[in-house]
Amino acid sequence: MAESPAPGPFVITASQARRIWLRAQRLDVPASFGAGAGATLAAIEHLGYVQIDTIHVIERCHHQILCTRIPAYRREHLHQAQAIDKSVFEYWTHALAYVPTRDLRYFRRAMVSGWRRHSGWFGTVTATDVRKVLARIRRDGPLSIRDIDDDELIEKTHDWASRKPSKRALQAAFFQGRLVVSERRGMVKTYELTDRHFGWEKPPAAAAEREIAAYLLDRALGSQGLVSLDSICHLDAPRKPAVRRLIGQRVRAGALHPVTFDGAGKTAYWAAPQALAEVPPVADTIVHILSPFDPLVIQRRRLAQFFGYEHRFEAYVPKAKRQFGYFAQPVLVGDEIVAAIDLKADRVRGRLLVQQWSWIGRQPRRQLTPPIEEALHRFERFQLARGA
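Only a predicted model underlies this, so the values are computations on that prediction, with no experimental measurement involved. (Residues numbered from 1 in each chain as written. Predicted model: local features only at pLDDT ≥ 70, side-chain atom pairs only at ≥ 80, totals over all residues. Heavy atoms only, no water.)

**Regarding the nonpolar core**
Test applied: Only buried residues count toward a nonpolar core, which is a set of Ala, Val, Leu, Ile, Met, Phe, Trp, Tyr and Cys residues joined through side-chain atoms within 4.5 Å. Each residue gets one of three labels from its accessible area relative to the maximum for its type: buried under 20%, exposed over 50%, partly exposed in between, using a 1.4 Å probe on protein chains only. Under the scheme used here, helices are H or I runs from DSSP no shorter than 4 residues and strands are E runs no shorter than 2 residues, and both carry numbers assigned from the N terminus. Any two residues having at least one pair of non-hydrogen atoms within 4.5 Å are treated as being in contact.
If you look at the biggest cluster of nonpolar residues, it comprises 87 residues, and the most contacted ones within it are F89, L170, I232, V331 and I372. Element by element, the count of residues in this core is highest for helix α9 (residues 209-224), at seven residues. Setting aside its immediate chain neighbours within four residues, I372 contacts V287, V331, V333, V338, I341, W357 and W359. I12, L27, Y269 and A271 belong to the second-largest nonpolar core, a separate cluster that totals 27 residues.

Given below as structure tokens:
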């Protein structure tokens, strides 16, 4: 265990900090969640959420995030969890994501009132518009936007808004918790009445704000190991004061310890005593090709503090100004990010194309290239498997 004179923070090395985070992310050992459909639910429950994104230059990020941690992952496992077992649902965390159904009560408050922060996407949707689409689904069953062909297109009021009024009404009802995405085929969503989908007589009670603060802290401790206020409340600044108070209470109770490491700068970090008791090793033979939306990458300031690597998401950067490429994937070898590889799927020819390979780490490149190439071949096999 790291040692530090009281009452100051525990001082650990940057390598120890990385290994604690990698253990929490289950990226330090292969197949830590096992195999089969149950592994998908176990991974989402442990991570707290898995982000969804529309970019499809390679496999969509939610499938890649799960495949990274579950070598035997199959896309139908996620479909089973969402549409059949109903053990996960879609909702907004810091972005649209798959969330364990067991945690739904922590999102009920956002559904009841917090949805208004997304109202710019709905444009001029009225309560009558929402009632109309709910009545149609109640009468005719689950509905996708492709089932609606009688809309008159209107101008967008937001970059992410739809020109179809009915889609805006579907989105409004979704954020209000009145509709749920009952299944997803690619990026085509089918909506169902939430109560009917889950078989509720009445929805679960919304968690109190103090319960939500504890949920956010515990979720971060489980999936990050070392936590900061920013990492706990990622893009959720209004909840920082409550989480800060809870951290203080747990520090005074000895349930959390302040931690610092080279690279942390002025950012305050905390960890549970058990996370510091035995820092696990990470095999330097483990290689992961990481999605830019992977939980290890998405908080880029945190990534830079731990790994000394500043990831650039350049999909919306002009080509001449890109450093790593349109959709660069950080490459994790052991506990270091050693490269960023811009990938593109050639689905017609059945190939995964390397558009650009940028070295980051200091390790000998000749030794790193073969294991990275093998990881790329594994990802190519998954990427281009039937049903992709």
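Continuing now.
**Points about the sheet that holds strand β3 (residues 88-92)**
Rule in force here: Note on pairing: two strands pair once DSSP finds at least 2 bridges between them. Here the axes come from fitting lines to C-alpha atoms, over the contacting stretch only for helices, and the angles between their N-to-C directions go from 0 to 180 degrees.
An order of β2-β4-β3 is seen for the three strands of this open sheet, with the pairing classed as antiparallel. In the strand order of this sheet, the two ends are held by β2 (50-51) and β3, each with one partner. Bridging between β2 and strand β4 (residues 96-100) involves two bridges; their strand directions are antiparallel. Within β4, the residue paired with V50 across the bridge is Y98. Of the strands in this sheet, β2, β3 and β4 touch helix α2 (residues 37-47), which is tilted by about 105° from β4.

**Notes on the packing of α9 against helix α11 (residues 240-252)**
Keep this limit in mind: Working definition: roughly parallel below 35 degrees, roughly antiparallel above 145 degrees, roughly perpendicular at 65 to 115 degrees, and oblique for all remaining angles. Crossing chirality is assigned from the near helix's rotation relative to the far helix, an anticlockwise turn below a right angle marking it left-handed and a clockwise turn marking it right-handed. Residue polarity follows a fixed list, in which Ala, Val, Leu, Ile, Met, Phe, Trp, Tyr, Cys and Pro are nonpolar, Asp, Glu, Lys and Arg are charged, and the others, Gly among them, are polar.
Their axes nearest at 9 Å, the elements α9 and α11 cross at an angle of 65°. Relative to α11, the element α9 is oriented roughly perpendicular. As α9 runs across α11, the sense of the crossing is right-handed. Residues A213, A214, L217, D218 and L221 of α9 form the contact with α11, whose participating residues are A242, V243, L246, I247 and R250. The residue makeup of the contact of α9 with α11, split by class, is eight nonpolar, no polar and two charged.

**Side note on the sheet that holds strand β10 (residues 269-271)**
Read from one edge of the open sheet, four strands run β1-β9-β10-β8, paired in mixed fashion. With one partner strand each, in any of the chains shown, β1 (10-12) and β8 (226-227) form the two edges of the open sheet.

**A short note on the environment of R245**
Topologically, R245 is positioned in helix α11. Separated by 57 residues in sequence, R245 and V188 place their C-alpha atoms 41 Å apart.

**Description of unusual backbone geometry**
At K86, a position not held by glycine, the phi torsion is positive, near 60°. If you trace the backbone, K86 turns up in the loop between α4 (75-84) and β3. When its relative accessible area of 29% is taken as the criterion, K86 is described as partly exposed. Here the phi dihedral of L235 falls at roughly 60°; this positive angle occurs in a residue that is not glycine. Examined against the element boundaries, L235 turns out to sit in the loop between α10 (229-232) and α11.

**Regarding the packing of aromatic side chains**
Rule in force here: For Phe, Tyr and Trp, where Trp contributes only its six-membered ring, two rings pair if their centres lie within 6.5 Å, and the inter-plane angle classes them as stacked under 30 degrees, edge-to-face over 60, or tilted in between. Counting as a charge over the ring demands two things of the Lys NZ or Arg CZ atom: a distance within 6 Å of the ring centre and an angle within 35 degrees of the ring normal.
Enumeration over the complete set of coordinates arrives at 22 aromatic pairs. With a centroid separation of 5.3 Å and 45° between ring planes, the pair formed by F261 and Y269 is classed as tilted. Assigned by exposure class, F261 and Y269 land together as buried. If you follow R75 out to its NZ or CZ, it ends over the ring of F382, 4.1 Å from the centre. A cation sits over an aromatic face here: R302 above W21, 4.1 Å from the ring centre.

**A word on the pairing of strand β13 (residues 336-346)**
Of all eleven residues in β13, nine are buried; the element is thus mostly enclosed. In terms of strand pairing, strand β12 (residues 328-333) meets β13 through six bridges, oriented antiparallel. Of the residues in β13, the one forming a bridge with Q329 is I341. Between β12 and β13, which follow one another and run antiparallel, lie two residues, and G334 among them has a positive phi close to 65°. Of the pairings in the sheet, the one linking β13 to strand β14 (residues 351-359) comprises eight bridges and is antiparallel in character. Bridging from a neighbouring strand, D342 pairs with Q356 of β14. Adjacent in sequence and paired antiparallel, β13 and β14 are bridged by four residues, among which G350 carries a positive phi angle near 70°.

**Here we look at the side chain of Q329**
Applied cut-off: Polar contacts, as counted here, are pairs of nitrogen or oxygen atoms within 3.5 Å of one another; within protein the pair requires one atom able to donate a hydrogen and one able to accept it, and residues that are adjacent in sequence qualify only if both atoms are side-chain atoms.
Structurally, the position occupied by Q329 is in strand β12. Using a relative accessible area of 0% as the deciding quantity, one classes Q329 as buried. From its side chain, Q329 meets the backbone oxygen of F327 in a polar contact 3.3 Å long. Excluding residues within four positions of it along the chain, Q329 makes contact with I58, Q64, I289, L290, S291, P292, A339, A340, I341, D342 and L343.

**Description of the pairing of β3**
With five of five residues buried, β3 lies mostly within the body of the structure. Along β3, one buried face is formed by V88, E90 and W92 and the opposite face, lined by F89 and Y91, is buried too. Hairpin connection of β3 to β4: three residues between the antiparallel strands.

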